[in-house]
Amino acid sequence: MKVVLQNLTKRFPNRNKKLDDVIAVNNFNFEIPDGKLIGLLGPSGCGKSTTLNLICGLEMPTSGKIFFGEDDVTDLPPENRGVGLVFQNYALYPHMTVRQNIMFPLQNLKGKDKLSKAEMLTRAEEAAKLVQIDQLMDRKPAEMSGGQQQRVAIARALVKMPRVLLLDEPLSNLDARLRLQTREEIRRIQRNTGITTIFVTHDQEEAMSISDLIVVMKDGIIQQIDQPQKVYDDPKNLFVAKFLGTPPINVFKGKVAAGKLYLGEDAVLQVRGVSDQELWVGIRPEGFVPQQAGPLRCSLKAVEVMGRDTSVVLGNETAVSDPLRAIISSEYQVAPGTGEIRFALKPNKVFLFDLKTEERIPFQAE
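Summarised in this report is the structure supplied together with it. (Residues numbered from 1 in each chain as written. Predicted model: local features only at pLDDT ≥ 70, side-chain atom pairs only at ≥ 80, totals over all residues. Heavy atoms only, no water.)

1. Regarding the nonpolar core
Then step 1. Among the nonpolar cores identified, the biggest contains 34 residues, and Ile102, Ile133 and Ile186 are the most heavily contacted of them.
Then step 2. Broken down by secondary-structure element, the contributors of at least two residues to this core are helix 2 (98-107), helix 3 (117-130), helix 4 (146-158), strand 7 (164-168) and helix 5 (176-193).
Then step 3. For Ile133, the contacting residues outside a window of four places in its chain are Val98, Ile102, Ala128, Gln148, Arg151 and Val152.
Then step 4. If you look at the next biggest cluster of nonpolar residues, it comprises 28 residues, including Leu314, Ile328, Leu345 and Phe363. (Core = buried A, V, L, I, M, F, W, Y, C linked by side-chain atoms within 4.5 Å. Buried < 20%, exposed > 50% of the residue type's maximum accessible area, 1.4 Å probe, protein only. Helix = DSSP H or I, 4+ residues; strand = E, 2+ residues; numbered from the N terminus. Contact = heavy atoms within 4.5 Å.)

Shown next as structure tokens:
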């Protein structure tokens, strides 16, 4: 099911009546392709959960339209939209078994959609098998792990055969290992069902690992929409560059003069097509290449060996982010007592941004 959001805006009255309304979602335009998994990504307060609530009908938009396929669902109540919603806290009924929790949405169907008890049991079994909890149908939520409870919540959302599946921070209550396993399960389930799925998270690693497309948001405004790797490799502005990446991108204040990029006194890269100016410079941690006579000089603060790679903690007088981190191959031997370390830079891992607007400045490297 294709989902189209047209000029979607949501305002909330400010508690201080002397101040303007709070704009949670600002003129949101996006077409979610049929059968894709979309990640809504951004920091707390960026409007991603509000966008999800608008899509499912828990909030009504101040202006704009919402379409499921060709159907205008803007004014439809949630129960008539055909959505399945999985909450952050699972919201399972503690006194009910897994089977009863999964069947509960089906018991509320009326009219032509009403099912017999046998049909409800069959649908519940099918949903449970899909999320691989069919052996736990007689347990109650308190007798299950967090990951198992999350699967029950997903099965309950899927049992209605929704047109759209909405997941609101579904992994935030799980430990690191369960989070990894469950996000892989979500991706498998989505591919098996082909249901258009919208996944809200503040965790960029989660969004990048399972999404077909990610939507990066800030202050209710879309910053960038693209395939996860494309957003990482080609950020439109400094906010996107800083938000995606683990460890995060290293940010410096630099300048361009006569076609060369300077960090302090060091001319670190040729950058053709950029006028002389001061600017922000972003360098991905994997963009540093240790080189004995490299153009970028940094002080060495610490060396953290991580098996395949080595994380080098650095200092530089032009750095804005703290600490600086370079991820290099463990083949390079870096002595912790070394005072200074020098690097060459990979041009495709270096990004330039306007000092005022923070928009990306393209350049050509030699």
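The discussion continues.
2. Here's the deal with the sheet that holds strand 19 (residues 340-345)
Then step 1. In space, the five strands of this open sheet follow the order 15-19-16-17-18, with antiparallel pairing throughout. Because the sheet does not close on itself, it has two edges, and the strands there are strand 15 (288-290) and strand 18 (324-329). Each neighbouring strand pair of the sheet contributes to a mean axis angle of 50°, computed without reference to strand direction.
Then step 2. Both strand 16 (residues 296-305) and strand 19 contribute to a ladder of four bridges, which runs antiparallel. Residue pairing in the sheet places Cys298 in a bridge with Ile341 of strand 19. (Pairing = 2+ DSSP bridges. Axes fitted to C-alpha atoms, helices over the stretch in contact; angles between N-to-C directions.)

3. Regarding the packing of helix 2 against helix 3
Then step 1. Close contact between helix 2 and helix 3 brings their axes to 9 Å; oriented N to C, the two are set at 125°. Relative to helix 3, the element helix 2 is oriented oblique. Handedness of the helix 2/helix 3 crossing: right-handed. The residues of helix 3 that touch helix 2, namely those facing Arg99, Ile102, Met103, Leu106 and Gln107, are Met120, Leu121, Arg123, Ala124, Glu125, Ala127 and Ala128. (Parallel < 35°, antiparallel > 145°, perpendicular 65-115°, else oblique. Left-handed = near helix turned anticlockwise from the far one by under 90°.)

4. A few points about the environment of Thr246
Then step 1. For Thr246, the location among the structural elements is in the loop between helix 8 (238-243) and strand 11 (250-257).
Then step 2. With 220 residues separating them in the primary sequence, Thr246 and Asn26 have C-alpha atoms 28 Å apart.
Then step 3. A polar side-chain atom of Thr246 sits 2.4 Å from a polar atom in the side chain of Gln204. (Polar contact = N/O pair within 3.5 Å; in protein donor to acceptor, adjacent residues only side chain to side chain.)

5. What to know about the pairing of strand 19
Then step 1. When strand 15 meets strand 19, the two strands line up antiparallel, connected through three bridges. Its bridge partner being in strand 19, Val289 is matched across the sheet by Ala344.

6. Observations concerning the environment of Val4
Then step 1. If you trace the backbone, Val4 turns up in strand 1 (residues 3-12).
Then step 2. Remark: the alpha-carbon pair of Val4 and Asn29, spanning 25 residues in sequence, is separated by 7.8 Å.
Then step 3. If we skip the residues at most four places from it in the chain, Val4 touches Phe30, Glu31, Lys65, Ile66 and Phe67.

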